[in-house]
Amino acid sequence: MSLSLIEAFSSIEDPRVERHKRHKLIDIIVLTTCAVVSGSDGWESIEEFGKNKPDWLQQWIELENGILSHDCIARVISKLQPTEMSQCFTEWVNSVVELTEGEIVAIDGKTAEKSNEITAIPALLELLEIKGCIITIDAMGCQASITEKIIEKKADYVLAVKDNQKFLNEAITDYFEEAIAANNPTLCQLTDHEEINAEHGRIEVRRCYLSTNIDTLPDSFRWKGFKSIGMVESERTVNGKTSIERRHYICSLTDVKSFARAARKHWGVENSLHWVLDVVFREDDLRIRTGYAPENFNIMRQLAINLLNKDTSRGSIKKKRFRAALSDDFRESVIFSS
């Protein structure tokens, strides 16, 4: 049975002294979540959302003492334990999103501070029910410990490779340059898949290559379940000007179409289950720095993304946030329809 938003977060321990509790903790969490889904990116805009939607909010939470100030919201959220917030968030996701065989689960490094990513990502994977799924992670997640955790959880992976794995990245780059130039797919154990997308005056050709010839790569034994290397070449033509971008990956997959789908979904062409802070949240512009506020606000934004992705109507996350700000009915369907 799926958990409602309120059920999922009701178990969080309230860090406040009893005599200072003028507002229920669950009211603060729900208010913040509703505001973030509707476009709020900071404490003041959360307060403003609450002041504009008190009647709508009181269908779901009590708000016995009215809408609290942005300072109060900030103080309370900054004191909550991120581990508890993450646990509640993940339990909610596991209850409302049924991950099926081959489902893409994308993890962007922005889910954690750079210094903590290597430990934060395995901890997140430990909480998720990912058997049979394909995990995609950006380059900061290309770590031996992470591949081990993914394989332990009986999932597959597509991990981006950049200069944080310098020698591996150079070897993969050289391999594909030589393999494609050789024009002998059988010898190079190379398969390919091409997709073309043309809209609004832009043409994009995506060529995906996958090779199971990994014996010559440096330290390939370090990566649990490592079966192939992949490259995605994106050729974009806009207003007559063409640019080419190439991305490299290590994979536990051997089917090029599965690899192409996973890489495409990770970069947001299609909706999938994302632990990722989308650019529409203007993360770099935020100035939320007190206590556990950065970690907890990140969790709220992750929750918002997953709520909006779960909605099946057309439109980008940015457009859906704007729609949620305008429409009480749409906001209700996104947040309280679980």
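So, here is what we can say about the structure in this document.

A few points about the overall build of the protein
Argument step 1. Within the protein, the regular secondary structure consists of 14 helices and eight strands.
Argument step 2. When each of the 338 residues of the protein is scored for burial, the buried share is 51%.
Argument step 3. A separation threshold of at least 6 residues defines the contact pool for the protein, and within that pool the share at least 24 residues apart is 65%.
Argument step 4. Roughly 16,700 Å² of accessible area belongs to the protein as shown, and the carbon and sulfur atoms make up 47% of that amount.

Some points on the pairing of strand β4 (residues 190–199)
Argument step 1. Where β4 lies against strand β5 (residues 202–211), 10 bridges are found, and the strand directions are antiparallel. Residue L190 lies in a different strand from β5, and its bridge partner there is S211.
Argument step 2. Counting the residues between successive antiparallel strands, the hairpin from β4 to β5 contains two residues, one of them, H200, with a positive phi of roughly 50 degrees.

Section: helix α9 (residues 166–182)
Because each turn of an α-helix spans 3.6 residues, side chains separated by three or four positions end up pointing in the same direction.
Argument step 1. Look at α9: 24 Å from first C-alpha to last across 17 residues, which is about the 24 Å you get at 1.5 Å a residue.
Argument step 2. Within the sequence span of α9, burial applies to L168, N169, I172, Y175, F176 and A179. With its buried residues spanning 130 degrees around the axis, α9 presents them on a single face. Turned more than 90 degrees off the buried face of α9, the exposed positions are F167, E177, E178 and A181.
Argument step 3. Those residues of α9 hidden inside the fold are in contact with β3 (156–161), α10 (185–188), β4, β5, β6 (228–238) and β7 (241–251).

Things to note about the pattern of salt bridges
As a working rule, side chains carrying opposite charge can pair if their charged atoms are close by.
Argument step 1. Applying the stated criterion across every chain yields a total of 21 salt bridges.
Argument step 2. One salt bridge in this structure joins E47 and K51, with 2.8 Å as the shortest N-O distance. Remark: K51 and E47 occur in helix α3 (residues 43–52); sequence separation between them is four residues, near one turn of the helix.
Argument step 3. Put simply, E170 and K166 hold a salt bridge, and the shortest N to O gap is 2.8 Å. With E170 and K166 both in helix α9, this residue pair falls four residues apart, about one helical turn.
Argument step 4. Connected via shared salt-bridge partners are E194, R207, E233, E235 and R246.

Overview of the environment of E178
Argument step 1. Tracing the sequence through the fold places E178 in helix α9.
Argument step 2. E178 sits 10 residues away from C188 along the chain, and the two C-alpha atoms are 9.2 Å apart.

What about helix α11 (residues 256–266)?
Argument step 1. Among the 11 residues of α11, eight are classified as buried, and the element is accordingly described as predominantly covered.
Argument step 2. Residues V256, F259, A260, A262, A263, R264, K265 and H266 constitute the buried set of α11.

Re unusual backbone geometry
Leave glycine aside and you will find that most residues have negative phi; peptide bonds, for their part, are mostly trans.
Argument step 1. Even without a glycine there, the phi angle at K154 is positive, about 60 degrees.
Argument step 2. Structurally, the position occupied by K154 is in the loop between α8 (144–152) and β3.
Argument step 3. Backbone geometry at Q189 places phi at a positive 50 degrees, although glycine is not the residue there.
Argument step 4. Along the polypeptide, Q189 turns up in the loop between α10 and β4.

Here's the deal with the nonpolar core
Argument step 1. Judged by nonpolar contacts, the single largest core of 47 residues is most densely connected at F9, I12, V37, W43, L57 and I73.
Argument step 2. When residues in this core are grouped by element, the largest group, 10 residues, is from helix α2 (residues 25–37).
Argument step 3. If we ignore the near neighbours within four places in the chain, the residues touching L57 are L31, C34, F49, G50, L63 and I67.

Topic: the pairing of strand β2 (residues 134–137)
Argument step 1. The two faces of β2 match: I134 and T136 on one face and I135 and I137 on the other face are all buried.
Argument step 2. Bridging between strand β1 (residues 104–107) and β2 involves four bridges; their strand directions are parallel. Residue pairing across strands places I104 opposite I134, the latter belonging to β2.
Argument step 3. Summarising the sheet, β2 and β3 pair through four bridges and their orientation is parallel. Bridge pairing in β3 links I135 to Y157.

Section: the side chain of K53
Argument step 1. Structurally, K53 is set in the loop between α3 and α4 (54–57).
Argument step 2. For K53, a relative accessible area of 18% translates into the label buried.
Argument step 3. At 2.9 Å, the side chain of K53 forms a polar contact with the side chain of D328.
Argument step 4. With residues near it in sequence (within four places) discarded, K53 still touches A325, D328 and R331.

What counts and what doesn't
- Residues numbered from 1 in each chain as written.
- Predicted model: local features only at pLDDT ≥ 70, side-chain atom pairs only at ≥ 80, totals over all residues.
- Heavy atoms only, no water.
- Helix = DSSP H or I, 4+ residues; strand = E, 2+ residues; numbered from the N terminus.
- Buried < 20%, exposed > 50% of the residue type's maximum accessible area, 1.4 Å probe, protein only.
- Contact = heavy atoms within 4.5 Å.
- Areas by Shrake-Rupley, 256 points an atom, 1.4 Å probe, with all protein chains shown as cover.
- Pairing = 2+ DSSP bridges.
- Expected span 1.5 Å × (residues − 1).
- Arc of directions from axis to C-beta.
- Salt bridge = Lys/Arg side-chain N within 4 Å of Asp/Glu carboxyl O.
- Core = buried A, V, L, I, M, F, W, Y, C linked by side-chain atoms within 4.5 Å.
- Polar contact = N/O pair within 3.5 Å; in protein donor to acceptor, adjacent residues only side chain to side chain.

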